[in-house]
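Architecture at a glance
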Amino acid sequence: MTAPAATFDSPLGPHLRRLGRAAPVRFAPVLAVLFVLLVWPLAMLAVGSFRTAAPGFPGEWTLKAWGSVFNVPAVRESVANSLTISFVTTAAAALLAAGLAFLSERTDAPLRRWITPAIVVMFATPGLFYAVGYALLGNAYTGLFNQIARSLTGLENLTLIDIETWGGLLGVMVLKKVAVIYLFLIGPFRALDPSHDEASLTAGAGTFETFWRINLPILAPALTGAILLGVVTGLQAFDMIVILGWPQDIQVITTRIFEFITVAAEPDYARASVLSLSLLLLIAALSFLQAKILGTRSFFTVGGKAREGQRLKLGRLRWVFGALIGLYLFAAAVAPIGSVAFSSIQPFPGVYENLSLRNYAEVLRIQRVVPSLLTTLALSASVGLAAMGLAVAAVQAGRAGGARTAVVIRFTTLIPLAMPGVVTALAIAWAFVSTPGLQQLYGTIYLTGLAMIACVMPFAMQAAGAAMAQISPDLQEAARTSGASGPRALADVTLQLIAPSFLTGWFMAAILTSGNLDVPLLLDAPGQRPIAAVIYDLNNRGDFSMACALLMLTLLAKAGVGLGGYAVLKAGSGLARRRLSSLAKDRS
Amino acid sequence: MTRVILRNLHKHFPGRAPGVVAPKRGAINGIDLEIASGEFFVLLGPSGCGKTTTLRAIAGLEEPTEGIIQIGDEVVADAARGVFASPNARRLGMMFQSYALWPHMTVAQNVAYPLERRRPKIPRAEIARRVDEVLDLVGLSGLESRFPSQLSGGQQQRVALARALSASPRLVLFDEPLSNLDAQLRFRLRHDLRRIHDEAGSTSIYVTHDQAEALALADRVAVLNHGEVEQLGPPTEIFLSPKSRFVAEFVGYENLLDGTLEVGGGFRPDGWLRPLTGRWVAPALAGARGCAAIRASGLHVSLDATEAGPNALVGVLQAVTYLGDRYSARVAVGGQVLFATLAADRWSPGRPVNGETVHLWAKPSDVVLIPASPEPAPALREEAA
C-alpha cells in the first residue's frame, strides 16, 4: 500500500490550522488582560516612585522620594507601628488559632462543632463591620460593655475596657486574625493521619506525648506558614486601623500611604509609591519564605477518605475547655454583631430609651444611600463574575498552554496577594492615568471595579484552580474526539461540571469586594461611592447609629443573597434527583 | 477506505534545559506504520514506550514534532508543512482508559453527544434511534436515563464504548480501555470488543500493555520500545518468533540465555558446556551473539533421566509452586536459575524440596534463538538524534 500525495484541498480544509504560533495566540487575550490588570500597574508604581508629579501630569525624573521618605520621623514611626502590630497580633492569634483548631478537630470538647462555622462567618465579615462593632462596644464612656458592667456593679466610674488604646486595637485585631490563621490550619489538622497516632500509642506513648512528639512536628510547616501569613496580613491591615487607630493617632504604613495621597494638603504620589514598593518588597520576601517553607515540606495531604480518628478525651477538663470556646465565640462573633445590631436601634450610643427602627428609615432617606447600595450590588456582582471568569480562563490557559504559560500565569495572579488594597489602588491609578486611551476611566466606577478585580484575583484563582482540579482533562478530550470544538467542549463539559463551585466562588468574591474599603477610599468615583465608603463617612462624622443600621442592612442583604443562591443550588440538584428517580421508576 | 498511515512520526516533549532533547517517557522517535482499512491493530508495549502518545497524536490530542499522519485519504498532520487538524475535525471515536464519561450527562446524553456534534445536523429522531441501536449493541438497553455514577465499572466501560461508536466513526481509538477492570470482566469484554469491531466494520487502533489482550484482539500487533517499533506482525508471529530479547521478555518468555552461535548450528549459552538446538527466528552466522528464549511451559522437569527428551540438562531443584493443573519449578543449572514446568502427577502439593537432582528438556521448536541486533555505532545514533 502506498500513500497518495498529501493534498491541502481535503474535506478538512477550514479546520486546518498552522502549527507553532497557534497555541500561544489562542490564550493571548487572557494573558493581555492579566498583564494590563496586574503587571502593568506594578511597573507603573515603580516608575511613579521616580516622578515629581502626580499620575498623568508632566513631571521630572528624581530620586528625591526614595532619599527622603524614610527620614521623616512620622514615617519611621508608622513603619515601627506596622511591624509591632503585625508581630504581636500574629503571635497571639497563632496561639489562639492553633488551640481552637486542636480543640475543634482532635478533642471531644463541648461546642467544638460551632467553632468552624463561626470562624467562617468572621472571615467573611469585613473589617469595617468588626471595627465599628467593637468601637461601640468598648468605648470608655458610652460602650455597651462598660455600661452593663456599671449597672451590674453600681460603680459609676468603672471602665473595664477602653477600645481606643493600643491594647484595644491589638485585641480586636487578634480576634479577627484568628479567623484567617484558623482557616489556614484547619486542613492540616483535619488531615492528620490517625494511624500515626495509633502507631505512637501502640509504641507506648501517651496521648499528650503523642501530640508533642508526633502531631506537632508534622504540623510544623503548616504552623510556620500560618505565622508568616499572619505577619503578611498584619502588614496589610488598613480598615481596622483607620477606624480604631486614627482617633488615637496610631499610624501604620498603609494609612501613611493613604494620608500621603488624600489627606495631605498636596498629594505626594512619589513618596506614597516609595512606601508602597518598600512594603511590597517586604511582603514579597515573606511570601517567598512562606512558599519555600510550605512548598518543600508539605507533609500533609487532604485525602478523600474521611476517617474519624480517636478524639482526645478531655475528661472533666472538657467543660473548662467548652467554657473557653464559648467565651471566644462570644467575644469574637456574638459581641461585635450584637453590638452593631443593638446600636442600630439606639438613637445614639449610650442612650437606652426610644429604641426603634427609626435609624433604618432615616438612613435610607439619605439621598446617596439607596443608589450606593445598588452600585455596590452591581459592582460586587460584576467584579466577582469578572474575576471568576478571568480566573477560569487563566487556569484553562495554564493547563492547555504548557508548563511555562502556567508558571507565568500563576506568578502574575499572585502579585496582588502581596499588595494591600491601598497599594493596588495606587498602582492601578498610576497605570491607567498614564496610559493614553485608559485615562478616561479615572474617576469612574469602572476603575474602582478594575482595582477590585485585581484585589480579589488571588482568591478567584484559588477557587477556580480548586474547582478545575476536580475535572480530569480526559473529560474535555473525550468531547474533542467526539467532534466538539475547543470552546464547545469547555462549555459543554468543564463549565457545567464546575458550575456549583463557580457560583460559590463568585459569591465569595462578591462578598470580599463589597467589604473592601481601601479601594473606594483611594479611587474616588464621584457620585458612585460604594456602601463601605458611605458607612465609613457616616461613622467618621459621628452618625454611629445610622452607620450601624446600614451595616446591618448590608449584612442582611449578603445573607439574603447567599441563602437565596444556596436554596437555588439545592433546588436545582434536588430537581435533577427527583427527575432521575421518577425516570428510574418509569423504567422498572 | 479508512487506512491510517504514520510516516516518520516524532513527538518530543520539551526537556528541562532548552535545546536538550533527552529521551523522555512517552516520546516517540520515528514511527512508520500502515494500518489497513477494517484492521484491528494493537500497539503493545510497557508503560512509557510511547504507545499512548502515538494514539493521542492520531486523535489530534498531541501535535507531532515531526512526521505525517494520514487518516483515509486526508493528511491530518504534517509537521513540515504546518498542517494540523483539530481532534473534532478528524471524525473518529475514542475510548479512554478512565472512560471519561461526563458525570453531568445521562447514559443516553453521553452516547448522543458525538451524534449531536455531526455536521450536517442529524435529525433528533435519527439520533434517538441510533442511540438505542448502539446501546443495544453493547448490551445496555434500559439504562438510558442512568447517570454514570449509578453504573458498575463494566457498565461504565460499555457506555464509553457506545459513545466511541455512536457516530459510526471511520476510526476507533482505544487507550487501554480494559485495564481498570477485574480479570473475569476483562476476559468477557475482550470478546465483545472484537465482535463489535467486526460488526461495525471500522478500523480500530488499540493500545495495551497486556499481551493476552493483544493476542485475543489483534489482526496485527506492533511492539513499541523507547518510541520505536521493535516488531510488527500478526500475534502468532510476535508470540512464537520474537525478533528481539526485549520482545521475548515482554511477551512472557521466562528464560532468556545470552550466548554464541557455534559452528554446526548449535547455540551455546555463556558459561555452558553443551549447546542447545533450537529454532532461529532470523538467519545468523557462526560466532554471532544471540539469545535463547524458552517459556517455562516449554521447559519440562523430570525426576528421572529416562524421561528426558532433547536438549537434556541436569540441575538442582530449588523450589516448587503449585499452579493447579501443574507445578512451576525453579531449577539451578550451572550458575543460572531457570523456570520450568513439572507435570501434575510428578509431585504433590506441600512436598518439601530437598535439593533433588532433576533433568530438564525442551523440544527444539520451543527453544527460540534470537540473533542479537547489531548495535548501531554511537556516531550514527547521535546523528539520528
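This section reports on the structure supplied with the text.

**A look at the overall build of chain A**
Looking only at helices and strands, one finds 24 helices and 1 strand in chain A. Here chain A, with 588 residues, has 47% of them falling under the buried criterion. Counting only contacts in chain A whose residues sit at least 6 apart along the sequence, the fraction spanning at least 24 positions is 76%. Put simply, chain A shows about 27,900 Å² of open surface, and 67% of that area lies on carbon and sulfur atoms.

**Topic: the nonpolar core**
Counting residues in each nonpolar core, the largest one holds 196 residues, and the members touching the most others are Ile-119, Ile-257, Tyr-328, Leu-426 and Met-457 of chain A together with Leu-173 and Ile-205 of chain B. In terms of residue count, helix H19 (residues 445–469) of chain A provides more of this core than any other element does, 14 residues in total. If you look at the next biggest cluster of nonpolar residues, it comprises 52 residues, including Val-111, Ala-218, Tyr-253 and Leu-256 of chain B.

**Considerations on helix H2 (residues 28–48) of chain A**
Approximately 40 degrees is the largest bend angle found in H2 of chain A, and it occurs at Phe-35 of chain A. Turning to H2 of chain A, its buried residues number three or more, namely Val-30, Leu-34, Leu-37, Leu-38, Pro-41, Met-44, Leu-45 and Gly-48 of chain A.

**Some details on the pattern of salt bridges**
Counted by the stated rule, this structure contains 31 salt bridges over all chains. Linking Glu-477 of chain A and Arg-56 of chain B is a salt bridge whose minimum nitrogen-to-oxygen distance equals 2.7 Å. One end of the pair, Glu-477 of chain A, is in helix H20 (residues 473–481); the other, Arg-56 of chain B, is in helix H1 (residues 51–59), on a second chain. Residue classification places Glu-477 of chain A among the buried residues on the basis of a relative accessible area of 14%. Take Arg-56 of chain B: its relative accessible area is 16%, and that puts it in the buried class. A salt bridge links Asp-219 of chain B to Arg-194 of chain B; the nearest nitrogen and oxygen atoms lie 3.2 Å apart. Residue Asp-219 of chain B is located in the loop between helix H6 (211–217) and strand E10 (220–225), and its partner Arg-194 of chain B is located in helix H5 (residues 183–200); the two are separated by 25 residues in the primary sequence. Under the relative-accessibility criterion, Asp-219 of chain B is labelled partly exposed at 31%. Each of the salt bridges in this network shares a partner with another, and the network as a whole consists of Glu-477 of chain A together with Lys-11, Arg-56 and Glu-62 of chain B.

**What to know about the side chain of Arg-158 of chain B**
All names here are of chain B. Counting through the fold element by element, Arg-158 comes out in helix H4 (residues 153–165). Owing to a relative accessible area of 16%, Arg-158 belongs among the buried residues under this scheme. Setting aside anything within four residues of it in sequence, one finds Arg-158 in contact with Val-138, Leu-140, Arg-188, Leu-189 and Asp-192.

**As for the environment of Gln-156 of chain B**
All names here are of chain B. With respect to the secondary-structure elements, Gln-156 resides in helix H4. Classification of Gln-156 by relative accessible area gives partly exposed; the value is 21%. Note: C-alpha distance between Gln-156 and Leu-101 (55 residues apart in sequence) is 7.6 Å. The residues contacting Gln-156, other than those within four sequence positions of it, are Tyr-99, Leu-101, Pro-148 and Leu-151.

**So, the sheet that holds E10 of chain B**
All names here are of chain B. Overall, mixed pairing links the 6 strands, which are arranged E7-E8-E9-E3-E10-E11 in an open sheet. The open sheet has two free edges, formed respectively by strand E7 (92–95) and strand E11 (228–233), since each of these has just one partner strand. For this sheet the average axis-to-axis angle between neighbouring strands, irrespective of direction, equals 15 degrees.

**Observations regarding the packing of H2 of chain A against H19 of chain A**
Residues and elements named next belong to chain A. One way to put it is that H2 packs onto H19 with a least axis distance of 10 Å and a crossing angle of 90 degrees. Considering their axes alone, H2 and H19 lie roughly perpendicular with respect to each other. Side by side, H2 and H19 meet where Leu-34, Leu-37 and Leu-38 of the first sit next to Leu-450, Ile-453, Ala-454 and Met-457 of the second. Split into classes, the residues belonging to the contact of H2 with H19 amount to 7 nonpolar, no polar and no charged.

Conventions used here
Numbering of residues starts from 1 in every chain and runs along the sequence as written. Ligands are numbered from 1 and chains lettered from A, in the order in which they are written. Reporting of local features is limited, given that this is a predicted model, to residues whose pLDDT is at least 70; pairs of side-chain atoms are given and counted only at 80 or more, and all residues count toward the totals for whole chains, interfaces and linings. Only hydrogens and water are removed before side-chain values are computed, so all heavy atoms of the structure are retained for them. Counting from the N terminus, the helices are the DSSP runs of H or I reaching at least four residues and the strands are the DSSP runs of E reaching at least two. Here the term buried applies to any residue with accessible area under 20% of the maximum for its type, exposed to any over 50%, and partly exposed to those in between, with areas from a 1.4 Å probe on protein chains only. When checking whether two residues touch, look at their non-hydrogen atoms; a contact exists if any pair is within 4.5 Å. Using a 1.4 Å probe, accessible areas were evaluated by the Shrake-Rupley method; residue-level cover was limited to the displayed protein chains. Only buried residues count toward a nonpolar core. Its members are Ala, Val, Leu, Ile, Met, Phe, Trp, Tyr and Cys residues joined through side-chain atoms within 4.5 Å. Working definition for bend: take the seven residues up to and ending at a residue and the seven starting at it, fit an axis to each, and measure the angle between the axes. Think of a salt bridge as a Lys or Arg side-chain nitrogen and an Asp or Glu carboxyl oxygen that are within 4 Å of each other. Whether two strands pair depends on DSSP finding at least two bridges between them. Fitted lines through C-alpha atoms serve as axes, helices being fitted only where they are in contact, and the angles separating the N-to-C directions of these axes extend from 0 to 180 degrees. An angle counts as roughly parallel when it lies under 35 degrees, as roughly antiparallel when it exceeds 145, as roughly perpendicular when it falls between 65 and 115, and as oblique in every other case. When residues are sorted by character, Ala, Val, Leu, Ile, Met, Phe, Trp, Tyr, Cys and Pro go into the nonpolar class, Asp, Glu, Lys and Arg into the charged class, and all the rest, Gly among them, into the polar class.

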